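# Examining the three-dimensional arrangement
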Amino acid sequence: KLSYSKFTGTMEAHINTVQTGIRGLISLPFASGKKLKIVAFGKGADSSGADVSGTDDTIEEINKDKVDFDLLVTTPDWMPKLAKVARILGPRGLMPNPKNGTITDDLKKAVEGFQAGKTEYKTEPKANVIHLGLGKLDQPTEELSANVKTLLQTIGKTRVKQVRLAPTMGPGVKVDLASI
């Protein structure tokens, strides 16, 4: 009700945590509606369900600064080849990393997980704050509240100081942690 944008905005959670360095993966029960364009490198990339199966030509395109995807998933044996484009992928947060589940031997499982709503949460580098989009504002309230509860249970109530929910454009609303 507080959103004043003329488009369907996203409901965002802004969480103040006890410390920095909190990170992990979460599978939201109701996907946030954003369709990810995924590129997969490695054995079995063709049958993984990814939008693009990566080849040496794809690496050349990335090297020319043509990055038109949201996520890059790879097997460990392709990492030396991808190291050539690390200076392009790194600053954009697209470099594969075992901590966020983008380096794996089972590409099909990883791609399905990310398409089903698996996302990474982490605190900002110099502040103890997590920002995460939890769904579109036109989703039913029950779905959005289930996503919020899942997120807070995953992070852990002892590590959370304060939670504010806000639309893309509009004021934030403080959440009473005792009510969850």
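Residues numbered from 1 in each chain as written. Predicted model: local features only at pLDDT ≥ 70, side-chain atom pairs only at ≥ 80, totals over all residues. Heavy atoms only, no water.

### Details of the overall build of the protein
In terms of helices and strands, the protein carries five helices and nine strands. Counted from the first residue to the last, the protein has its helices and strands arranged as β-β-β-β-α-β-α-α-α-β-β-α-β-β. For the protein, the spread of C-alpha atoms along the principal axes amounts to about 50 × 35 × 30 Å. Within the protein, the fraction of its 180 residues that count as buried is 37%. The long-range fraction of contacts in the protein, counting pairs at least 24 apart against all pairs at least 6 apart in sequence, stands at 71%. Looking at the protein as shown, the accessible area adds up to about 10,300 Å², and 52% of this sits on carbon and sulfur atoms. (Helix = DSSP H or I, 4+ residues; strand = E, 2+ residues; numbered from the N terminus. Buried < 20%, exposed > 50% of the residue type's maximum accessible area, 1.4 Å probe, protein only. Contact = heavy atoms within 4.5 Å. Areas by Shrake-Rupley, 256 points an atom, 1.4 Å probe, with all protein chains shown as cover.)

### A short note on helix α4 (residues 107–115)
For α4, the complete set of buried residues consists of Leu107, Ala110, Val111, Gly113 and Phe114. Around the axis of α4, the buried residues are gathered within 160° of arc, so they sit on the same side. Lining the buried residues of α4 we find β2 (23–27), β3 (38–41), β5 (71–74) and β6 (118–122). (Arc of directions from axis to C-beta.)

### Examining helix α5 (residues 141–155)
Here α5 spans 21 Å end to end across 15 residues, near enough to the 21 Å set by a 1.5 Å rise per residue. Leu144, Asn147, Val148, Leu151, Leu152 and Ile155 are the residues of α5 that are buried. Down the axis of α5, the buried set is contained in an arc of 125°. They therefore lie on one face. Residues of α5 that are exposed and point more than 90 degrees away from the buried face comprise Glu142 and Gln153. Tucked into the core, α5 has its buried residues touching β1 (10–17), β2, β6, β7 (129–136) and β8 (160–166). Gly156 occupies a position one or two residues after α5 and carries a positive phi of about 105°. (Expected span 1.5 Å × (residues − 1).)

### Some remarks on the side chain of Thr17
By secondary structure assignment, the location of Thr17 is in strand β1. A polar contact of 2.9 Å, which involves the side chain of Thr17, links it to the backbone oxygen of Gln19. If we ignore the near neighbours within four places in the chain, the residues touching Thr17 are Ile22, Thr123, Asn128, Val129, Ile130, Arg159 and Lys161. (Polar contact = N/O pair within 3.5 Å; in protein donor to acceptor, adjacent residues only side chain to side chain.)

### Focus: the sheet that holds strand β9 (residues 173–175)
With respect to topology, four strands assemble into an open sheet ordered β7-β1-β8-β9, the strand pairing being antiparallel. The two strands at the open ends of the sheet, each matched to only one other strand, are β7 and β9. For this sheet, the mean inter-axis angle between neighbouring strands, taken without regard to orientation, is 25°. Across three bridges, β8 lies against β9 in antiparallel orientation. Looking at the pairing, Arg164 lines up with Lys174 of β9. Contacting β1, β7 and β8, α5 runs over the sheet at an angle of about 150° to β7. (Pairing = 2+ DSSP bridges. Axes fitted to C-alpha atoms, helices over the stretch in contact; angles between N-to-C directions.)

Function-wise, these values are silent; they only describe arrangement.
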